[in-house]
Amino acid sequence: MPHLTLHSPLGELTIFEEDGSIIALDWGRGAGAGTATPVLAAAKRQLDAYFDDPATPFDLPLAPAGTPFRRGVWEAMRAIPPGQVRSYGAIARALGSSARAVGGACGANPIPIIIPCHRIVGAGNALGGYSGGDGHDTKRYLLAHEQDAAAPH
């Protein structure tokens, strides 16, 4: 499966492609030599741009494997602008579901950062969980990175 590893402020990230779409982003180096397909090269450029300026939008073909409900949650996440957050409950109400089910979809997100599950927080802006990188420390970094960039200077 084509994949490409890049360096980021969070350490190495590996992006995976299948049939011309991004299907996963994992922390750490992928096994074997990476292949810089056009889609993976675009993903690397866009991730680099995100870490320079988190307002830079992602415009990549995505094909995350998941149930229709989870894909709906992931689409709702993608609609949250950088520097903003939504609660598990708010997403659940919008989708006619439960906060717990939204949390399950967040934890199953195969393309973190690009599908910004870090923008989902608990009630009262409690941090909530994060399954990528160093967990809560990674989520705090991503939220602070986006909020700093969104703050008026």
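Starting afresh in each chain, residues are numbered from 1 along the sequence in its written order. At least 70 in pLDDT is required for a residue's local features to be given in this predicted model, at least 80 for side-chain atom pairs to be given and counted, and no such filter applies to totals for whole chains, interfaces and linings, which use all residues. Calculation of side-chain values draws on the structure's entire complement of heavy atoms; hydrogens and water are dropped beforehand.

Student: I'd like a description of the environment of Arg-140, backed by residues and values.
Tutor: Along the chain, Arg-140 turns up in helix H5 (residues 136-150). When the C-alpha atoms of Arg-140 and His-118 are compared, they prove to be 8.3 Å apart, with 22 residues separating the residues in sequence. Within the structure, Arg-140 has its side chain in polar contact with the side chain of Asp-137 (distance 3.1 Å). In DSSP terms, a helix is any run of H or I states spanning at least four residues, a strand is any run of E spanning at least two, and both are numbered starting from the N terminus. Contacts described as polar in this section are N or O atom pairs within 3.5 Å, which, within protein, must combine one atom able to donate a hydrogen with one able to accept it, while residues neighboring in sequence count only if both atoms come from side chains.

Student: Residues and numbers for the environment of Pro-38, please.
Tutor: As for its placement among the helices and strands, Pro-38 is situated in helix H1 (residues 38-52). Owing to a relative accessible area of 70%, Pro-38 belongs among the exposed residues under this scheme. Remark: the alpha-carbon pair of Pro-38 and Gly-20, spanning 18 residues in sequence, is separated by 8.6 Å. Throughout this description, buried means an accessible area under 20% of the type-specific maximum (1.4 Å probe, protein chains only), exposed means over 50%, and partly exposed covers the range between.

Student: So what about the pairing of strand S1 (residues 3-8)? Which residues, and what values?
Tutor: Burial analysis of S1 places five of its six residues in the buried class, the great majority of the element. Any two strands are treated as partners once DSSP identifies two or more bridges connecting them. As paired strands, S1 and strand S2 (residues 11-18) are joined by six bridges and run antiparallel to one another. Paired with His-3 across the bridge in S2 is Phe-16. Turn length for the S1-S2 hairpin, with the two strands adjacent in sequence and antiparallel, is two residues.

Student: Talk me through the side chain of Lys-139; I want residue IDs and the actual numbers.
Tutor: Among the secondary structure elements, Lys-139 is positioned in helix H5. Despite its burial, Lys-139 pairs with no opposite charge; the closest candidate is Glu-146, at 11 Å N-O. For Lys-139, the side chain forms a polar contact with the main-chain oxygen of Gly-129, separated by 3.1 Å. Neither His nor the chain ends contribute to the count of charged residues, in which Lys and Arg are positive and Asp and Glu negative. Salt bridges are defined by distance alone: a side-chain nitrogen of Lys or Arg within 4 Å of a carboxyl oxygen of Asp or Glu.

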